[in-house]
Amino acid sequence: MRIIRTENYEELSRRAADLIAAQILVKPDCVLGLATGSTPEGTYKELVDRYEKGILDFSQVSSVNLDEYKGLSGDNDQSYRYFMDTKLFNHINVPKENTFVASGVGDEAECIKEFRSILNRTHVDIQLLGIGEDGHIAFNEPGQVLHNNAHIESLTESTIAANARFFASEEEVPKKAISMGMGDIMRASKIILIATGP
């Protein structure tokens, strides 16, 4: 494990983007594991900037996202599909059909089956992670059990409260999410965990 301390958020974002860009340059058809939330936004801005400058080409890249809220469709402005489209995918030349964000709607068993099917036939070359205030990675909440594979997770009160700032009220925050398991995450060839703040 290598720990890189940065002076500020901008440097953190650049360093994370450097690592992802290097992966794309070495393997143009790589699979990126992507995260949502405030922390990776700067990294995505950096990647968009490099694409616009002609430094990066995403035309052969595929991606898979860590998680999605249960009950939100991809066109909901609080869904993680919407976040990824507006923060990254709509601004680069990645084929939309090569980007996978789990479905948050429909039968839970079917959602998990589809997500596991994607993960079972995909090897993530580099996985970007953030970390929640209570220590959760993706939506794997701290507790007695860490799931190996994709699953439905009931969100803790602290996670719901932390995410309430994105919704009109805390009552509107979904109470469940579909998430990669820790085993899915740890199978990536490389992992970048970014964190900022006190």
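Definitions and cut-offs
- Residues numbered from 1 in each chain as written.
- Predicted model: local features only at pLDDT ≥ 70, side-chain atom pairs only at ≥ 80, totals over all residues.
- Heavy atoms only, no water.
- Pairing = 2+ DSSP bridges.
- Helix = DSSP H or I, 4+ residues; strand = E, 2+ residues; numbered from the N terminus.
- Contact = heavy atoms within 4.5 Å.
- Expected span 1.5 Å × (residues − 1).
- Buried < 20%, exposed > 50% of the residue type's maximum accessible area, 1.4 Å probe, protein only.
- Polar contact = N/O pair within 3.5 Å; in protein donor to acceptor, adjacent residues only side chain to side chain.
- 1 Å grid on protein atoms, 1.4 Å probe; cavity = no way out; pocket = protein on both sides within 12 Å on 5 of 7 lines; lining within 4 Å.
- Points joined across faces, edges and corners; volume = space filled by probe spheres on them.
- Nonpolar A, V, L, I, M, F, W, Y, C, P; charged D, E, K, R; others polar.
- Axes fitted to C-alpha atoms, helices over the stretch in contact; angles between N-to-C directions.

Moving on: the sheet that holds strand S8 (residues 190–193). Pairing in this open sheet of 5 strands is parallel, and the strands run S4-S2-S1-S5-S8 from one edge to the other. Each edge of the open sheet is held by one strand with a lone partner, namely strand S4 (99–100) and S8. With 2 bridges connecting them, strand S1 (residues 31–34) and strand S5 (residues 126–129) associate as parallel partners. Its bridge partner lying in S5, Gly33 is registered against Gln127.

Within the element layout of this structure, Asn163 appears in helix H5 (residues 157–163). In sequence terms Asn163 and Gly132 are 31 residues apart; their C-alpha atoms lie 9.8 Å from each other. If we ignore the near neighbours within four places in the chain, the residues touching Asn163 are Tyr69, Tyr80, Phe139 and Val173.

Between its first and last C-alpha, helix H1 (residues 9–26) extends 26 Å over 18 residues, near the 26 Å set by a 1.5 Å rise per residue. Taken together, the buried positions of H1 are occupied by Glu11, Leu12, Ser13, Ala16, Ala17, Ile20, Ala21, Gln23 and Ile24. Between a side-chain oxygen at the N-terminus of H1 and the backbone nitrogen of Glu10 the separation is 3.3 Å; the capping residue is Asn8.

Using the criterion set out here, one finds 1 cavity of 30 Å³ or more in the structure. Lining the largest cavity are Leu32, Leu34, Phe58, Val61, Ser63, Leu88, Phe89, Ile92, Val94 and Thr99. Each residue belonging to the lining of the largest cavity can be placed in one class, and the counts come to 8 nonpolar, 2 polar and no charged.

Strand order across the open sheet formed by 3 strands is S3-S7-S6, with antiparallel pairing between neighbours. The sheet is open, and its two borders are formed by strand S3 (67–69) and strand S6 (151–154), each paired with just one other strand. Looking at each pair of strands side by side, their axes are set apart by 25° on average, direction ignored. Relative to strand S7 (residues 176–179), S3 runs antiparallel, the two being bridged by 3 bridges. If you follow Asp67 over to S7, its bridge partner there is Ser179. On top of the sheet, helix H4 (residues 108–120) reaches S6 and S7; it is set at about 25° to S7, its chief contact.

Moving on: the side chain of Asp85. Inspection of the secondary structure assignment puts Asp85 in helix H3 (residues 80–87). Each residue touching Asp85, except ones within four places of it in the same chain, is listed here: Asn90, His91 and Lys96.

All quantities given are derived from atomic positions and should not be read as evidence of function.
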